Amino acid sequence: MHYDLLIRGGTCVTPWGEERTDLGIAGGRIVTLAAAAGDTAGAVVEARGLHVLPGLIDSHVHLRDPGDPAVETLPTGTRAAVLGGIATVFDMPNTVPPIADSASLETKRRYAEAQSWCDIGLYVAGAKSNIADLAALEREPGVCAIKIFAGSSTASLMIEDDAHLERAMRAGSRRIAFHSEDEYRLQARKPLFSTGMPYRAHMEWRDEECAFLGTRRLMALARRTGRQTHILHVSTAEELAYLRDCRDVATVEVLVNHLTQVAPDCYDRLGGFGVMNPPIRGERHREASWAALREGLVDTIGSDHAPHARSAKEKPWPDCPAGLTGVQTLVPLMLDHVNAGRLSLSRLVDLMAAGPARVYGLLGKGRLAAGYDADFTLVDMGARRTIEESWIASPCGWTPFAGQRVAGWPMATIVRGHVVMREDEVLGAPIGRLARFAA
Ligand code: DOR
Ligand code: ZN
């Protein structure tokens, strides 16, 4: 047989286990998981000594486009993604202006197909003003989900009250992604804090009960309406315990930040560069997140890549905006966790490929299997590297993980048969396309 591309000699992480096998690719899709020794191809990727994973997906990024190009754009953010071993991103809608109607979505869709280095799904914002349109918007091409901020964060999009949340849940039928923090409690607690307090005040203001109360309210509404939800960045032990009894209406995302960083250390060490929503919390919550991950409660892991200008992050609390860069460091950090024995490589694939596909109804991706898109992340589990700020491709130019040593590194990113990253170099042209979803 002759293929467009052969990936030879790697250890492939298939849905049924690890196999040393050669992959044959044609027309941007996987033709065979068992290429023969005599098969030929237009190009060969030598993967001896590497693990071949299905193209990993970061299902939670804020690429800020349209917005401030000095911080991030869709081309720079997707370039950062492929450098970090990510083959598909799902991009959040809290841009300036937001993606909340058919016209802004269409403009973004055209731009994304012309300028992305990896494949991309687009969230559409649910707001009080567009509830009537949500059922149509969620069925448009390239839309991974409606995203609703039930508590305030960056930008002004929000649906905080039960009446509007219930109406939004009754509009349309696909799974809705929620930022879950109770806005009323956030506002009630604000006067307890003042400018110039130490950065750790961030987690005291937006405390555990803000998140837990928000999630309890959303679960009650999901039960009442029968609507499926994806609770983004679950950050407390209490929510995780509660969500065990909500598996009929909820899937669960945990962020690499909440698995990796711990308070108060992150605030003392990083100042504003440790501030995000929901906040990084104490060790008890990090342990609960790992326990939930091991028990199968966690469906997806994302980075919540949310870049801001360095000068803005240097401001005193609470003037520094919330959000941390992360799309480029997600895979290195998770591989380091694999090497430390905290999860297996196949569980990582479940969380970052199969999981997003299942939760969002993503078609043709998320598995190493015949007929699926030829998306791969090749990783060297034996590599030892230090995350350097000079490696960060986002124009804002910083990472909260600068100086961190990691074991395990993404060596190549392949998107529909195109090698877009090899050994820290971005190759070719932006060939990214819109991901496809079951409507
Ligand atoms: O920390 C955060 N930053 N949390 C969010 O929910 C939004 C994000 C952003 O867009 O900056
Ligand atoms: Zn986010």
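See the structure printed just above.
Being a predicted model, the structure only gives us computed values, none of them experimental. (Residues numbered from 1 in each chain as written. Chains lettered and ligands numbered in written order. Predicted model: local features only at pLDDT ≥ 70, side-chain atom pairs only at ≥ 80, totals over all residues. Heavy atoms only, no water.)

> Please explain the coordination of the zinc ion (ligand 2) as it appears in this structure.
Tetrahedral coordination by four donors puts the ideal angle at the metal at 109.5 degrees, and octahedral coordination by six puts it at 90 or 180 degrees. Every protein donor of the zinc ion (ligand 2) is accounted for by His 60 (NE2), His 62 (NE2) and Asp 304 (OD), and the metal-donor separations fall at 2.0 to 2.1 Å. Site description for the zinc ion (ligand 2): donor spacing in sequence, H-x1-H-x241-D. Of this pair, His 60 sits in strand S8 (residues 56-61) while Asp 304 is found in the loop between strand S15 (300-302) and helix H12 (310-313), placing the two residues 244 residues apart along the sequence. Assessed through its relative accessible area of 0%, His 60 is described here as buried. Asp 304 gets classed as buried once you look at its relative accessible area, which sits at 7%. (Donors = N, O, S within 2.8 Å, 3.2 Å for Na, K, Ca; no water. Helix = DSSP H or I, 4+ residues; strand = E, 2+ residues; numbered from the N terminus. Buried < 20%, exposed > 50% of the residue type's maximum accessible area, 1.4 Å probe, protein only.)

> Would you mind showing me how to read helix H2 (residues 102-115) here?
For H2, with 14 residues, the first-to-last C-alpha span of 20 Å sits near the 20 Å given by 1.5 Å per residue. Along H2, the positions that sit buried rather than exposed are Ser 104, Leu 105, Lys 108, Arg 109 and Ala 112. Along H2, the residues classed as buried sweep out an arc of 135 degrees about the axis, all on the same side. Opposite the packed face of H2, turned more than 90 degrees from it, sit the exposed residues Ala 103 and Arg 110. Residues of H2 that are buried sit in contact with helix H1 (74-83), strand S9 (86-91), strand S10 (119-125), helix H3 (134-137) and strand S11 (143-149). The backbone nitrogen of Ala 103 lies 3.2 Å from a side-chain oxygen of the residue at the head of H2, namely Asp 101. (Expected span 1.5 Å × (residues − 1). Arc of directions from axis to C-beta. Contact = heavy atoms within 4.5 Å. Polar contact = N/O pair within 3.5 Å; in protein donor to acceptor, adjacent residues only side chain to side chain.)

> Got a minute to help me understand the site of ligand 1 in this structure?
Of all residues adjacent to ligand 1, which total 14 residues, the nearest are Arg 64, Asn 94, Ser 153, Thr 154 and Asn 277. Within the backbone of Asn 277, a nitrogen or oxygen atom sits 2.8 Å from an oxygen atom of ligand 1. One of the backbone nitrogen or oxygen atoms of Gly 323 is found 3.3 Å away from an oxygen atom of ligand 1. Protein contacts shield 100% of the accessible area of ligand 1, which totals 290 Å² for the unbound molecule. Considered class by class, the residues forming the shell around ligand 1 number four nonpolar, eight polar and two charged. (Near = heavy atom within 4 Å. Areas by Shrake-Rupley, 256 points an atom, 1.4 Å probe, with all protein chains shown as cover. Nonpolar A, V, L, I, M, F, W, Y, C, P; charged D, E, K, R; others polar.)

None of the figures reported here should be taken as evidence of function without further support.
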